[in-house]
Amino acid sequence: MTMIRLLRSLVLVLVALVLVVLALANRNIVELHLLPAAVGDFIGQDWTLRLPLFLVIFGGILAGVLLGFVWEWLRAHRTRASGQAAKKQLRKIERETAKAGATGDKPRDEVLALLDQSGR
C-alpha cells in the first residue's frame, strides 16, 4: 500500500514540475481576442484580454477537462437511472417478501407445498 502511495506522490510531483516549467517558459503576454476584428468593429467593441500565455494554455486544459467530466456525467445518466430503478424494485421485493413471511403465507406452488410437507 505504501508503494502505491509513493508512486502516486511521485507522479503528482512530476506533473507539478512539468506545469511549473511550462508556465515559466510561456510568461510572454499575449492578446486574446474574444471576437473577430470585423465583428468587433461592427458592434463598436474590442473585447481583448491581455494574459500570460501559460494562463491561456492552462485555461484551455481546464476547459477541456471540465467539458469531459460533464460529457461523461451526461453519458452515464442512463446507467445511473437504471441502477436507481433496480434499487427501487429490490426494495419493493424485499418489502413484499418480509410481508409474506410475517403473515405466514404458505407457498401456493404444489411442488413447494410437497417439499414443505416432506421436510416435516
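Residues numbered from 1 in each chain as written. Predicted model: local features only at pLDDT ≥ 70, side-chain atom pairs only at ≥ 80, totals over all residues. Heavy atoms only, no water.

Draft legend 1. Structural view of the overall build of the protein. The helix and strand inventory of the protein stands at five helices and two strands. When the helices and strands of the protein are read in sequence order from the N terminus, they spell out α-β-α-β-α-α-α. Taking 14 Å as the expected radius of gyration for a compact globule of 120 residues, we find that the protein reaches 31 Å, considerably beyond that expectation. When the backbone C-alpha atoms are referred to their principal axes, the protein occupies close to 90 × 50 × 20 Å. Only carbon and sulfur atoms are counted for the fraction: they give 68% of the accessible area of the protein, which is about 11000 Å². Side chains of the protein give 16 positive and 10 negative charges; the mean places of these two sets differ by 6 Å. (Helix = DSSP H or I, 4+ residues; strand = E, 2+ residues; numbered from the N terminus. Rg over C-alpha atoms; globule rule 2.2 N^0.38 Å. Areas by Shrake-Rupley, 256 points an atom, 1.4 Å probe, with all protein chains shown as cover. Lys, Arg positive; Asp, Glu negative; His and termini not counted. Charge placed at Lys NZ, Arg CZ, Asp CG, Glu CD.)

Draft legend 2. Region of the structure containing the confidence of the model for the protein. This prediction gives the protein a mean pLDDT of 88; 92% of its residues lie at or above 70. The element-level mean pLDDT for the protein is lowest in helix α5 (residues 110-118), coming to 74, with helix α3 (residues 53-75) highest at 95. (pLDDT = per-residue confidence, 0-100.)

Draft legend 3. Expanded view of a positive patch on the surface. A cluster of basic residues, K87, K88, R91, K92 and R95, forms a positive patch at the surface. Relative to the helices and strands, R91 resides in helix α4 (residues 77-103). (Patch = residues over 30% accessible without salt bridge, like charges linked within 9 Å, V, L, I, M, F, W, Y side chains within 5 Å. Salt bridge = Lys/Arg side-chain N within 4 Å of Asp/Glu carboxyl O.)

Draft legend 4. Region of the structure containing the side chain of N26. Residue placement: N26 occurs in the loop between α1 (2-25) and β1 (29-33). Setting aside residues no more than four positions away along its own chain, N26 makes contact with P52, L53, F54 and I57. (Contact = heavy atoms within 4.5 Å.)

Draft legend 5. The environment of R5, seen in detail. For R5, the location among the structural elements is in helix α1. A residue is classified by how much of its surface remains accessible, and R5, at 57% relative accessible area, is exposed. Sequence separation between R5 and K87 is 82 residues, and the spatial gap between their C-alpha atoms is 35 Å. (Buried < 20%, exposed > 50% of the residue type's maximum accessible area, 1.4 Å probe, protein only.)

Draft legend 6. Representation of the packing of α1 against α3 in the model. Close contact between α1 and α3 brings their axes to 7 Å; oriented N to C, the two are set at 140°. When the axes of α1 and α3 are compared, the pair comes out oblique. Helix-helix and strand crossings are classified by hand; for α1 and α3 the assignment is right-handed. Here α1 contributes L19, L22 and A23 to the contact with α3, which in turn contributes F54, I57 and F58. (Axes fitted to C-alpha atoms, helices over the stretch in contact; angles between N-to-C directions. Parallel < 35°, antiparallel > 145°, perpendicular 65-115°, else oblique. Left-handed = near helix turned anticlockwise from the far one by under 90°.)

Draft legend 7. Structural detail: the pattern of salt bridges. A complete count under the given rule lists two salt bridges for this structure. A salt bridge links R50 to E31, with the shortest nitrogen-to-oxygen separation between them at 3.2 Å. Pair noted here: R50 is in strand β2 (residues 48-52) and E31 is in strand β1, with a separation of 19 residues, a long-range link. Its salt-bridge partner being E72, residue R75 comes within 2.5 Å of it at the nearest N-O pair. Residue R75 and its partner E72 are located together in helix α3, separated by three residues, close to a single helical turn. Here E72 falls in the partly exposed class, since its relative accessible area comes to 36%.

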